[in-house]
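# A structural walkthrough
Here is what each chain is made of, one letter per residue.
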Amino acid sequence: QFEWLQDQWQAGNPFWLPLREPYFCALLAFALNTCAYTTEIIAGSIRNVPNGEIEAAQAVGMPHLTLLRRIVLPSALRRAIPAYSNEVILMLQGSAIASAVTLVDITGAARNVYSRHFAPFEAFVFAGLIYLVLAFALVGVLPLAEQRWLAHLRPRQSNPHPDT
């Protein structure tokens with residue numbers, strides 16, 4: 001902690017007061033990190049919208065804002081889902097770092113159990129199982145979202161019975 005920052009706390013500066021709490025610091029760090037990755041994921045998916053879709057909308061005279069709202073953004077956000085699902089799982093795994101700033105998360109709770117009952121194996125194995133269940137739940141739910149919003153990108157199934 002910096003001396004000038006502590007002076008701001010003593011003066012009661014409302015801008016710097018939240019930085020006294022470890023929860024706010026961890027939340028700010030995770031939010032900035034995830035925001036940077038999410039922004040790059042969305043920007044990359046916008047850059048990868050096929051030019052044919054944009055040219056077709058321009059050919060029918062669609063205004064630029066309507067083109068963004070109806071063509072570019074929906075297409076880009078659908079294409080961003082797989083990469084964003086990876087970011088969500090990485091954020092879950094990164095949340096274990098929060099115990100380093102005296103927050104009690106799953107890892108911090110395991111550390112507390114270890115210090116009270118001297119049972120490191122049971123505490124950290126249970127914490128690992130909780131992270132495993134959460135990660136598998138996310139891995140199971142996020143492909144469902146991909147199937148729902150990316151159904152139009154799947155190849156068409158050929159009809160095995162042409163007379164039906």
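All right, on to the pattern of salt bridges then. The final tally for this structure, using the stated rule, is two salt bridges. Of the charged contacts in the structure, one is a salt bridge between Arg-47 and Glu-40, with a shortest N-O distance of 3.1 Å. On the accessibility criterion, Glu-40 (48% relative accessible area) is partly exposed. A salt bridge links Glu-53 to Arg-79; the shortest N-O distance between them is 3.8 Å. Taken as a pair, Glu-53 in helix 3 (residues 51–59) and Arg-79 in helix 4 (residues 64–94) lie far apart in primary sequence, 26 residues in all. Look at Arg-79 and you get partly exposed, because its relative accessible area is 27%.

In this section: a nonpolar patch on the surface. Where nonpolar side chains cluster on the molecular surface, the patch consists of Phe-121, Val-125, Phe-126, Leu-129, Leu-132, Phe-136 and Val-139 and spans about 720 Å² of accessible area. Counting through the fold element by element, Val-139 comes out in helix 6 (residues 120–149). On the basis of relative accessibility, which here comes to 42%, the residue Val-139 falls in the partly exposed class.

A separate point is the packing of aromatic side chains. Applying the stated criterion across every chain, the model contains one aromatic pair. Ring geometry for Tyr-114 against Phe-124: centres 6.3 Å apart, planes inclined by 55°, an arrangement best described as tilted. Taken together, the residues Tyr-114 in helix 5 (residues 106–117) and Phe-124 in helix 6 connect sequence positions 10 residues apart. In this structure Tyr-114 comes out as partly exposed when scored by relative accessible area, which is 38%. Residue Phe-124 is classed as partly exposed on the basis of its relative accessible area, which comes to 35%.

How each quantity is defined
Residues numbered from 1 in each chain as written. Predicted model: local features only at pLDDT ≥ 70, side-chain atom pairs only at ≥ 80, totals over all residues. Heavy atoms only, no water. Salt bridge = Lys/Arg side-chain N within 4 Å of Asp/Glu carboxyl O. Buried < 20%, exposed > 50% of the residue type's maximum accessible area, 1.4 Å probe, protein only. Helix = DSSP H or I, 4+ residues; strand = E, 2+ residues; numbered from the N terminus. Patch = residues over 30% accessible without salt bridge, like charges linked within 9 Å, V, L, I, M, F, W, Y side chains within 5 Å. Areas by Shrake-Rupley, 256 points an atom, 1.4 Å probe, with all protein chains shown as cover. Phe/Tyr/Trp six-rings, centres within 6.5 Å; stacked < 30°, edge-to-face > 60°.

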